Amino acid sequence: MKAMKIPAEGRSPKDIMANLEALKAHDVRWQEGRVFAYVYDAGPEAMQLLHDAYSAFLTENGLDPTSFPSCLELERDVIAMALDLHNAPVGAKGSFTSGGTESILLSVKTARDRARDLFPEITKPTLVLPETAHPAFFKACLYFDVTPVVVDVDPQSFIAIPEKMDAAITSETIMMVGSGPSYAHGVVDPIAELGETALKHNILFHVDCCVGGMYLPFARETGADIPAFDLSTPGVTQMSMDFHKWGYAAKGASSILYADGQMRRYQIFAWSGWTGYTVVNPTVMSTKSGGPIAATWAILNHLGREGYLRLAEKTQDASQKIKAAINRIEGLELCGDPPGNLFAFSATDFDIFALADAMKEKGWFIQPQFGFGPSPANIHLSVGASNAPHTDELIHDLEASVQHLRGQPGAKAAGDLPPEIADLMTLPAGQMLDAMDSVFDGNNGELPDGMAEINNIMNAMPAPVRDKVLVEFMNRLYTRA
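Residues numbered from 1 in each chain as written. Predicted model: local features only at pLDDT ≥ 70, side-chain atom pairs only at ≥ 80, totals over all residues. Heavy atoms only, no water.

Participant: Which parts of the structure should I look at to understand the environment of Ile268?
Facilitator: With respect to the helices and strands, Ile268 occurs in the loop between strand E7 (254–258) and strand E8 (269–271). Not counting chain neighbours up to four residues away, the residues in contact with Ile268 comprise Lys109, Val280, Asn281 and Pro282. (Helix = DSSP H or I, 4+ residues; strand = E, 2+ residues; numbered from the N terminus. Contact = heavy atoms within 4.5 Å.)

This is the structure we're talking about:
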């Protein structure tokens, strides 16, 4: 397909919208409730409200609160609601961001700049985090010249081990990380114990609640056994929390929250040393549409605590039912003991990536994850309220697909790299990808339909090699020939 150019003459809105709708034809069909990742749907009324609120503030610019005080007022309200939900102490503050990654970037940047100010003897700052921590922390370390110190987790529960985290802390450590919950397995780290460790060493402690911040408080109200994790937990100094996940807000909507509001000043960027207008940015972005903050304010007020609790009850029921099914289906094994609506499961005697493909053929999108450390290759599910009505159908298709795959001759779990691929490991990523063209079925930069063969090869690669290949593949994928 040829690279597109700006057309010589404009097109009609009707033609353009038809074109846009056609482009979505191959996207996952999230409206059908069969997608267990990426999309968070609280129903048609909520979706329409998000659309209307977002559109009403599409042009308003959060860059300048003196010109658009509406955006400032909306952010104050939204952050106040987030702080209240997480039992923040008096004086706590926060900021609205575009997503969990930006929230985490800001938290690490704040920790680094605070250390520069208060502890100038720290010249090579480190961040101590469990191997289950989100990749955004590694991105932040790369961006801000902080060294990540990765600590093993318990191989059965996949939660952080306080004693090992303690042992990894040195005089150069500026912050420690825990998850509530971790994305991959949906388990909650022992935040209370980690908080004690942070206090003992006088370091900051970030709890990553991006995926759980708008769910765990309500899941706890349904009776789920949720350990301490919020800003009232001693030792917890900051938290990231997404609204666009189980807050059901429009993307991108997240937050970074600080128990001590004075810390937020290390996050803010100001510059007047140039010939233009003075720039003051509380977050990474400068210009930002008022749409996401307006939509977030709208959904929080629309659903209220009662609405979120109702959605959590429905979601918890569905999650418990699916987890129980996984535990009884021969050949499947739940990873750890996740208390909420995120969980992962592996295959004991067949190819888990083939199961992802088989379920996709039946119209389900479930997310395969590569093996790493103690975690085997697995499938991740993020269960939402829109998935709940389809639980029985999902379990039926899962049982049938597992039975079929286990019954195939030569069925086996993912193994070592094929010799023809292993021989390519020393090549530069571009040459390796060229040599693997037959494996990728000569798609010329397009995504293939079945991913099991590719996923098995990628899963068997050492992570650093895999990352190089993925960077090269992504670079090609986003280029129009």
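Participant: Honestly, the nonpolar core in this entry has me stumped. Any pointers?
Facilitator: Among the nonpolar cores identified, the biggest contains 59 residues, and Met176, Met214 and Phe243 are the most heavily contacted of them. Sorting the residues of this core by element identifies helix H2 (44–56), helix H3 (69–85), helix H6 (162–168), helix H7 (191–201), strand E5 (204–209), helix H8 (216–221), strand E6 (238–242) and helix H9 (291–328) as the ones contributing at least two each. It is H9 that contributes the most residues to this core, ten residues altogether. If you look at the next biggest cluster of nonpolar residues, it comprises 31 residues, including Ala347, Phe350, Leu394 and Leu398. (Core = buried A, V, L, I, M, F, W, Y, C linked by side-chain atoms within 4.5 Å. Buried < 20%, exposed > 50% of the residue type's maximum accessible area, 1.4 Å probe, protein only.)

Participant: Would you explain the sheet that holds strand E10 (residues 332–334) in this entry?
Facilitator: Pairing between sheet strands relies on hydrogen bonds along the backbone, with the strands arranged either parallel or antiparallel. The strand order across the open sheet formed by four strands is E10-E11-E13-E12, and the pairing between neighbours is antiparallel. Among the strands making up the open sheet, the edge pair consists of E10 and strand E12 (367–369). On average, each strand axis in the sheet is inclined to that of its neighbour by 35°, with strand direction left out of account. In this structure, E12 lies alongside strand E13 (residues 378–382), joined through three bridges in antiparallel fashion. Bridge pairing links Gln367 to His380 in E13. (Pairing = 2+ DSSP bridges. Axes fitted to C-alpha atoms, helices over the stretch in contact; angles between N-to-C directions.)

Participant: What is the right way to look at the layout of surface pockets in this model?
Facilitator: Where empty space is left can be seen by rolling a probe of water-molecule size over the atoms. Estimates place the volume of the second largest pocket at around 640 Å³. Contributing to the lining of the second largest pocket are 31 residues, with Leu72, Glu75, Phe96, Pro282 and Lys288 lying nearest its centre. Those elements giving two or more residues to the lining of the second largest pocket turn out to be H3, strand E1 (93–97), strand E9 (279–281) and H9. Ranked by the residues each element gives to the lining of the second largest pocket, the list is headed by H3, at seven residues. Among the residues making up the lining of the second largest pocket, the classes are represented as 16 nonpolar, ten polar and five charged. (1 Å grid on protein atoms, 1.4 Å probe; cavity = no way out; pocket = protein on both sides within 12 Å on 5 of 7 lines; lining within 4 Å. Points joined across faces, edges and corners; volume = space filled by probe spheres on them. Nonpolar A, V, L, I, M, F, W, Y, C, P; charged D, E, K, R; others polar.)

Participant: Before we go on, may I ask you to explain the packing of aromatic side chains in this structure?
Facilitator: Two numbers describe a pair of aromatic rings. These are the distance of the centres and the angle of the planes. A complete count under the given rule lists eleven aromatic pairs for this structure. Pairing Phe36 with Trp364 gives two aromatic rings, centres 6.2 Å apart and planes at 45°, and the pair type is tilted. Taken together, the positions of Phe36 in the loop between helix H1 (13–23) and H2 and Trp364 in the loop between helix H10 (352–361) and E12 put the pair 328 residues apart, joining distant regions of the chain. Each member of the pair, Phe36 as well as Trp364, is classed as buried. On the numbers, 6.5 Å between centres and 5° between planes, the contact of Phe269 with Trp271 is stacked. Phe269 gets classed as partly exposed once you look at its relative accessible area, which sits at 41%. Judged by relative accessible area, Trp271 falls into the partly exposed class, the value being 47%. Within the aromatic cluster, the residues linked to one another by ring pairs are Tyr40, Tyr215, Trp246 and Tyr248. (Phe/Tyr/Trp six-rings, centres within 6.5 Å; stacked < 30°, edge-to-face > 60°.)

Participant: Just to check I follow, could you spell out the environment of Ile299 for this structure?
Facilitator: Considering the arrangement of structural elements, one finds Ile299 in helix H9. Looking at Ile299, the relative accessible area reads 0%, which means it is buried. Note: C-alpha distance between Ile299 and Gly247 (52 residues apart in sequence) is 7.7 Å. Leaving out residues up to four positions away in the same chain, Ile299 has contacts with Ala46, Leu49, Leu50, Gly247, Tyr248, Ala249, Gly304 and Tyr308.

Participant: Teacher, can you tell me more about a nonpolar patch on the surface here?
Facilitator: Judged by side-chain polarity, Ile16, Met17, Leu20 and Leu23 come together as a nonpolar surface patch covering roughly 380 Å² of accessible area. Topologically, Ile16 is positioned in helix H1. On the basis of relative accessibility, which here comes to 34%, the residue Ile16 falls in the partly exposed class. (Patch = residues over 30% accessible without salt bridge, like charges linked within 9 Å, V, L, I, M, F, W, Y side chains within 5 Å. Areas by Shrake-Rupley, 256 points an atom, 1.4 Å probe, with all protein chains shown as cover. Salt bridge = Lys/Arg side-chain N within 4 Å of Asp/Glu carboxyl O.)

Participant: Which parts of the structure should I look at to understand the sheet that holds strand E3 (residues 147–151)?
Facilitator: Ordered by their spatial adjacency, seven strands build an open sheet running E1-E7-E6-E5-E4-E2-E3, and the pairing between neighbours is mixed. One side of each edge strand has no neighbouring strand; the edge strands of this open sheet are E1 and E3. Going from strand to strand, the sheet's axes swing by 20° on average, the running direction of each strand aside. Summarising the sheet, strand E2 (residues 126–130) and E3 pair through five bridges and their orientation is parallel. Across the sheet, residue Leu129 finds its bridge partner in E3, namely Val150.

Participant: Honestly, the packing of H2 against H9 in this entry has me stumped. Any pointers?
Facilitator: In a pair of packed helices, the angle between the axes and the distance between the axes together describe the arrangement. Where H2 meets H9, the closest approach of the two axes is 8 Å, and the angle between their N-to-C directions is 145°. Seen from above, H2 lies across H9 with right-handed handedness. Within the contact between the two elements, H2 uses Glu45, Ala46, Leu49, Leu50, Ala53 and Tyr54 and H9 uses Gly291, Pro292, Ala294, Ala295, Ala298, Ile299 and His302. Partitioned by chemical class, the residues of the contact of H2 with H9 number ten nonpolar, two polar and one charged. (Left-handed = near helix turned anticlockwise from the far one by under 90°.)

Participant: Looking at this model, I keep getting lost on H9. Mind explaining?
Facilitator: Spacing of three or four residues puts side chains on the same side of an α-helix, whose turn is 3.6 residues. A rise of 1.5 Å per residue sets the reference length of H9, with its 38 residues, at 56 Å; its end C-alpha atoms lie only 45 Å apart and thus fall more than 12% short of the reference. Roughly 80° is the biggest bend found in H9, and it falls at Gly304. (Expected span 1.5 Å × (residues − 1). Bend = angle between axes of the 7 residues up to and from the residue.)

Participant: Even after reading the chapter, I still don't get unusual backbone geometry, so can you show me in this structure?
Facilitator: Most peptide bonds take the trans configuration, and most residues that are not glycine carry a negative phi. In this chain, Gly180 is followed by Pro181 through a cis amide linkage whose omega measures -5°. Considering the arrangement of structural elements, one finds Pro181 in the loop between strand E4 (173–179) and H7. Residue Gly252 is bonded to the preceding Lys251 through a cis peptide linkage, with omega at -10°. In this structure, Asn87 is a non-glycine residue whose phi angle is positive, near 55°. Its place among the elements puts Asn87 in the loop between H3 and E1. Not every positive phi belongs to a glycine, and Phe158 is a case in point at roughly 65°. Looking at the element boundaries, Phe158 is found in the loop between E3 and H6.

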